[in-house]
Amino acid sequence: MVGTRALAEAERDPSSRSAISPKNSPLLCTAKTISFPSSNFLVIAKKMGIEEEDLFIIEIGALLHDVGKIGVPDAILHKPGPLVVEEYQQIQEHPQKGKKILNNITYLAQAIPCVLHHHERFDGKGYPEKISGTDIPLPGRIISVADAFDAMTSDRPYRIRMSIEQAIGELNKNSGKQFDPKVVDAFVKIWKSGDLLQLMTSKEG
Ligand SMILES: [Fe+2]
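Bear in mind the structure is a predicted one, so any value in this text is a computation, not a measurement. (Residues numbered from 1 in each chain as written. Predicted model: local features only at pLDDT ≥ 70, side-chain atom pairs only at ≥ 80, totals over all residues.)

Draft legend 1. How the structure looks around the overall build of the chain. Secondary structure assignment for the chain yields 13 helices and 0 strands. In the chain, the succession of α and β elements from N to C terminus is α-α-α-α-α-α-α-α-α-α-α-α-α. Scored against the burial criterion, the 205 residues of the chain give a buried share of 40%. Of the contacts formed within the chain by residues at least 6 apart in sequence, a portion of 64% connects residues at least 24 apart. (Helix = DSSP H or I, 4+ residues; strand = E, 2+ residues; numbered from the N terminus. Buried ≥ 20, exposed ≤ 12 C-beta atoms within 10 Å, placed from the backbone. Contact = placed C-beta atoms within 7 Å.)

Laid out in structure tokens, this is it:
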């Protein structure tokens, strides 16, 4: 497994890809059927003080952040075992593929930072542009945390889900390396307040 566990879990998450199909349109309606951490993402965004008027476009970005996985073969996304280098490289192309898709849709262009930068790392070791710290647009830093948490706490064909406590532990362990410490702090505060548990319970119900 390449990179940290949290990063690898998020980028191989096949749930988004399997629900997106060229047969499904329009794009936004499709996105709303997908299991995405958009609720988690919005809660963090609000906690970090993002203005109300910016939340809608950020929500769209959260819904569409993995849309580029349309261009990654199912055999790779659903592969139960480790990926070879070439397969991993194909997965890493999905942010740029997503950007190309949104570039063609004028009213979604504002969501491109979410799509292009959700696999950047705070320490600059992510992709595709290897930017670091606050050079990474805030929506990208937020979705990185929400996406990793969602992947770690969901069952996959190759493993069972982590407990919430274990997932929070992974976020803390990677704070300042993979993740923006301020975003992790906001997320942990939401967890401690009980709001996150309430959100997850309502999602399962
Ligand atoms: Fe992704």
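Draft legend 2. Spatial organisation of the environment of Leu171. Along the chain, the position of Leu171 falls in helix α11 (residues 164-173). Residue Leu171 is classed as buried on the basis of its 21 C-beta neighbours within 10 Å.

Draft legend 3. Representation of the nonpolar core in the model. Residues Ile44, Ile142, Val145 and Leu171 are the most contacted members of the largest nonpolar core, which totals 35 residues. Elements with a minimum of two residues in this core: α4 (38-47), α5 (52-64), α9 (112-117), α10 (138-152), α11 and α12 (181-193). Among the elements that take part in this core, α10 stands out by supplying 9 residues, more than any other. Setting aside residues up to four positions removed in sequence, Val145 forms contacts with Ile44, Leu171, Phe179, Val183, Val184 and Phe187. (Core = buried A, V, L, I, M, F, W, Y, C linked by C-beta atoms within 7 Å.)

Draft legend 4. Representation of the packing of α10 against α12 in the model. The contact between α10 and α12 brings their axes to 9 Å, and the two run at 50 degrees. Classified by the angle between their axes, α10 and α12 sit oblique to one another. Crossing hand, α10 versus α12: right-handed. The segment α10 lies against α12, with Arg141, Ile142 and Val145 engaging Val183, Val184 and Phe187. By residue class, the composition of the contact of α10 with α12 is 5 nonpolar, no polar and 1 charged. (Axes fitted to C-alpha atoms, helices over the stretch in contact; angles between N-to-C directions. Parallel < 35°, antiparallel > 145°, perpendicular 65-115°, else oblique. Left-handed = near helix turned anticlockwise from the far one by under 90°. Nonpolar A, V, L, I, M, F, W, Y, C, P; charged D, E, K, R; others polar.)

Draft legend 5. Unusual backbone geometry, seen in detail. Cis peptide bonds are those with omega within 30 degrees of zero, and the linkage from Tyr127 to Pro128 qualifies with 10 degrees. Mapping Pro128 onto the fold places it in the loop between α9 and α10. Of note, the phi angle at Lys130 is positive, near 55 degrees, even though the residue is not glycine. Looking at the element boundaries, Lys130 is found in the loop between α9 and α10.

Draft legend 6. The arrangement of the packing of α10 against α11 in detail. The interhelical angle for the contact between α10 and α11, taken along N-to-C directions, is 145 degrees, at an axis separation of 9 Å. Pair α10 / α11 crosses with right-handed handedness. Across from Val145, Ala148, Phe149 and Met152 in α10, the residues of α11 making contact are Ala167, Glu170 and Leu171. Residues of the contact of α10 with α11, tallied by class, amount to 6 nonpolar, no polar and 1 charged.

Draft legend 7. Structural detail: the confidence of the model for the chain. Here the chain averages 79 in pLDDT, and 75% of its residues register 70 or above. The least confident element of the chain is helix α3 (residues 27-31), whose mean pLDDT is 40; the most confident is helix α7 (residues 85-92), at 95. Counting contacts from residues 14-36, a segment whose pLDDT is below 50, to residues more than four positions away or on other chains yields 29 contacts. (pLDDT = per-residue confidence, 0-100.)

Draft legend 8. View of α12. If you check α12, its first and last C-alpha atoms are 18 Å apart, about what 13 residues at 1.5 Å a residue would give, namely 18 Å. Buried within α12 we find Val183, Val184, Ala186 and Phe187. For α12, the angular spread of buried residues about the axis comes to 160 degrees, placing them on one side. The exposed residues of α12 that point more than 90 degrees off its buried face are Lys192 and Ser193. The first or second residue beyond α12 is Gly194, which carries a positive phi of 90 degrees. (Expected span 1.5 Å × (residues − 1). Arc of directions from axis to C-beta.)

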